[in-house]
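# Fold and contact review
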Amino acid sequence: MLGKKKLMVGGLSALVVGALLTGCPPKKEAVKTSAVGVDAASKVYVPPGKQDEFYVFFSGGFNGQVTVYGAPSGRILKVIKVFSVDPETGYGFTPETRPMLMTSHGFLPWDDTHHPWLSQTNGEHDGRWLFINANNTPRIARIDLTTFETTEIIEIPNVAGNHPSPYGTENTEYVVSGSRFSVPVPQRDVPIESYKENFKGVISFIKANEPGKMDVAFQILMPGFNYDLARCGRGPSHGWCFFTSYNTEQAHTLLEVNASKNDKDFIAAVNWKRAEECVAQGKAKEMPATYYHNYYDEKKHMAVSEVKKSVKVLDPKECPGVAYFLPTPKSPHGVDVSDDGEYIVGGGKLATVIPIHSFSKMLKAIEQKAFEKEIDGIPVLKYDAVLHCELEKPCLGPLHTEFDGKGFGYTSCFVSSEVVKFDYKGCKVVDRVPTYYSVGHLLIPGGDTKKPYGKYLIAMNKITKDRQLPVGPELLQSAQLYDISGEKMQLIHEFFTIGEPHYAQAIPADKIKDKVKKIYPLAENEHPYAVKAEKDARVERKGNEVHVYMTMIRSHFVPDNIEGVRVGDTVYFHLTNLEQDWDIPHGFAVKGSEDAEILVMPGQTKTLVWKPKAPGVYPFYCTDFCSALHQEMQGYIRVSPAGSNVPLKYYTGTPPTAQK
Amino acid sequence: MKRALLALPIATFIFSCQPKPPEKAQEPTKPVEQPAVVEKKEEAVSDKGIGPVTEVQLGPIDQTLVKKGKEIFDSKCASCHKLEEKYVGPPLKGVTKRRKPEWIMNMILNPAEMVQKDPVARGHLAEYPIQMPFQDVSKEDARAILEYLRSVDEK
Ligand SMILES: [Cu+2]
């Protein structure tokens, strides 16, 4: 219902815009392009053979992926599969990658990804990893930026709707998680009407700075509000993370009305260094919880899952100073910390002002105990004691803010479809530009770090009707690129994104591109079923299992003729791509396969599992056009009836005279 | 609520009505760089090939190097090259008699450019229509493979 209303409002403001603009330039075409400066094309044109200045990582929303674009061109570079299966590469289908999608609820090949977060060192992007959350079944994934592949996923227990996630700390000590939907903790069967007594919010800190070792370090038990977004401090505010909350009314039905009653909700300020002290002093309780940690080893080309059985939970009543509430008008959505680490900007989607809190005032208020009241052991600070200023009448529906490193904040405004630029110290709006339409998140490369690259801003819009060729009732969302290097923001480009991207992060290409892997070195391949030389390719039977150790190189398989398989067997094609040259994957597909094909990267080993159902001779082939003789890259596997005694035989080239 | 909704867009869009310079077809300010096209004149034919190797000193056959070279050959070359028979690529017995050591190493280390520019390598592409892959072989590895091929030809 809320969503529908937003749509209508967005449509309305779009209409208003259209009507107004038709008032000046008469033609409809002019309406659509009039906001674009005359020199826009030259600012975004990247000639063939030249490369972009920035990598941009968009969350894929309901497709569970991440899409990588170049900026300023808006060219797509890659789609990274995270909480989704991939029929192209076999991610989520192969035995090597299925463990990545294991959870305490079973194998979950889907989720809703919202907020990519680039790892940081000293408050700056370091180009090592990208993290992203799964909202629906709470998880956090690590993507390795040498391969642009998902290498680690941890499930978060005791949480539902992992929305304020995975924002991290300035040295990537932790990435965070929170409950958008408070639930009974631990989960149990209670009446929903007992919300106030039984439902809790949980904020988690996940250890993130060592690949393969992600871990829920500790959780903090919070009142049963809805925790919505987060940002961690930097510089002076390093050691603190901030979480917006709404539904401080603790409603559990018709939230559209019932969660909008309070004039102010809260930003929760969490002191994680204090939490670490309390955990070290043994003040956290071990709570039974089942959750998965999945790790993909790039040398073994294999993921493993481990099941964890308990988690440390901290009650603020037992750890004074771990959390405070900052009153914030009204149903705040985004919470964003300025590059100097001093200002905390709340985006109150129903508020008429943008509140800007001061971190140093907050510390002072804590010292002076300027508390209004306490909720479940968490002091509520006095609004006036922590407020730096209220930015008056900025726009309608302010959501998210990023910073340019020059003293300005930029806030996206969903309802009025615009971006406002403001001086956050002086507390005044200095510029505004329209978006098309209903902007959600926005990004400035490095806009959440100590050193933003204040050159571009990208607005991510929810509604794009009339912006592109129609392709049926659903349209891709749009990303609009603005030049913010001057005083006035200038729209210079628009491109369309996959899924429903929520947030994105961008980093100068120079920080990543020279570290990117071109191949997996064959010598380092530790996959237990790898075959590193053609002469070692073979077929082995183990009961009802037939293991085919197969190699691939331009343009043949070894072996490419296999006999002696029977109906009832499970055939494991373990394929090693012997190529050691960039951009030469080989594919593998066999007729009647119930899984995806697999695409094997140079030096990598992957497995396709196949259960033939009827006797016959089945072709298999390479699916990736690899050379002039790619078409010839094929083979046959003969399947005999169950119980027959056709001998196991395999070859490439001259058939063997005797059985091997 | 509706009134508030209207007020802001109006304020915002008044600015859009300022006269603007007429839009015209845009030329990119920077000259467009052409994609890489091989338009160099045929390089002077050198029997050493094209690549990082300009000079190889050959001594008596070094058996340690031969052993290393055979291992690399088996894992990275044998998928396409047999010694005695035509396979995916040409048979390699006798290659050290036919080609200069520099040419052999450059072919291993720089196959893509060799096939484009070296007349002999280019000729091979017509007979064996597969671009020889670069197999992430280092200069030292290529030297070892050469030593292995020499040992084959000495037999
Ligand atoms: Cu192929």
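Preceding this section is the structure that the text describes.
These lines cover the structure that appears in this document, whether it is placed above or below. Please read all numbers here as calculations on a predicted model, not as lab measurements. As a convention, each chain's residues are numbered from 1 in the sequence order in which they are written. Chains carry letters and ligands carry numbers; both start at the beginning, A for chains and 1 for ligands, and go up in the order they are written. Where local features are concerned, this predicted model is filtered to residues with pLDDT of at least 70; where side-chain atom pairs are given and counted, the filter is 80 or more; whole-chain, interface and lining totals use all residues. The basis for every side-chain value is the complete set of non-hydrogen atoms in the structure, without hydrogens or water.

Mapped onto the elements, A:Gln490 comes out in strand 33 (residues 490–497). Taking C-alpha positions, A:Gln490 is 44 Å from A:Ile378, a pair spaced 112 residues apart along the chain. A run of H or I in DSSP becomes a helix once it reaches four residues, and a run of E becomes a strand once it reaches two; helices and strands are each numbered from the N terminus.

Ideal donor angles around a metal are set by the shape: a four-donor tetrahedron calls for 109.5 degrees, a six-donor octahedron for 90 or 180 degrees. Only N, O and S atoms count as donors, using a 2.8 Å cut-off from the metal and 3.2 Å for Na, K and Ca, and because water is excluded some sites may appear unfinished. Around the copper ion, the protein supplies A:His586 (ND1), A:Cys622 (SG), A:Cys626 (SG) and A:Met633 (SD) as donor atoms, at distances of 2.2 to 2.6 Å. Around the copper ion, the four donor atoms are arranged such that angles at the metal cover 94 to 132°; this shape is classified as tetrahedral. Geometry assignment treats four donors as tetrahedral when all angles are between 85 and 135 degrees, treats four as square planar and six as octahedral when opposite donors are over 155 degrees apart and all others between 65 and 115, and treats everything else as irregular.

Quick look at the pattern of salt bridges now. Salt bridges are defined by distance alone: a side-chain nitrogen of Lys or Arg within 4 Å of a carboxyl oxygen of Asp or Glu. Counted under the stated rule, the structure contains 45 salt bridges over all chains. We note a salt bridge from A:Arg467 to A:Glu494, for which the minimum N-O separation is 2.5 Å. Taken together, the residues span a long stretch of sequence, with A:Arg467 in the loop between strand 31 (456–461) and strand 32 (477–483) and A:Glu494 in strand 33 at a distance of 27 residues. Note that B:Asp47 is salt-bridged to B:Lys100, the shortest N-O span being 2.8 Å. Taken together, the positions of B:Asp47 in the loop between helix 1 (2–14) and helix 2 (63–77) and B:Lys100 in the loop between helix 3 (95–98) and helix 4 (101–109) put the pair 53 residues apart, joining distant regions of the chain. Relative accessible area decides the class of each residue, using a 1.4 Å probe on protein chains only: under 20% of the type maximum gives buried, over 50% gives exposed, and in between gives partly exposed. According to the relative accessible area criterion, B:Lys100 is partly exposed, its value standing at 36%. Residues joined by salt bridges that share partners form a network here, namely A:Arg231, A:Asp336, A:Glu402 and A:Asp448.

Strand pairing within a sheet occurs via backbone hydrogen bonds; the two strands may be parallel or antiparallel. All names here are of chain A. Spatial ordering of the open sheet is given by 26-27-28-29, a layout of four strands whose pairing is antiparallel. In the strand order of this sheet, the two ends are held by strand 26 (398–403) and strand 29 (428–434), each with one partner. On average, adjacent strands in this sheet sit at an angle of 25° to one another, irrespective of strand direction. For two strands to count as paired, DSSP must find a minimum of two bridges between them. The angle between two axes is taken between their N-to-C directions and runs from 0 to 180 degrees, where each axis is a line fitted to C-alpha atoms and a helix contributes only its stretch in contact.

It is worth spelling out unusual backbone geometry at this point. Residues and elements named next belong to chain A. Note that the residue after Ala71, namely Pro72, is joined by a cis bond; omega there is 15°. Tracing the chain through its elements places Pro72 in the loop between strand 2 (65–71) and strand 3 (76–81). At the junction of Val185 and Pro186, the peptide bond is cis and its omega measures out at -10° in the coordinates. Counting through the fold element by element, Pro186 comes out in the loop between strand 11 (183–184) and helix 4 (195–198). Unlike most non-glycine residues, Asn122 shows phi in positive territory, near 50°. Mapped onto the elements, Asn122 comes out in the loop between strand 6 (117–121) and strand 7 (124–134).

Residues and elements named next belong to chain A. Spatial strand order, 30-31-32-33: four strands in an open sheet with antiparallel pairing. Each having just a single partner strand, strand 30 (439–443) and strand 33 make up the two edges of the open sheet. For this sheet, the mean inter-axis angle between neighbouring strands, taken without regard to orientation, is 25°.

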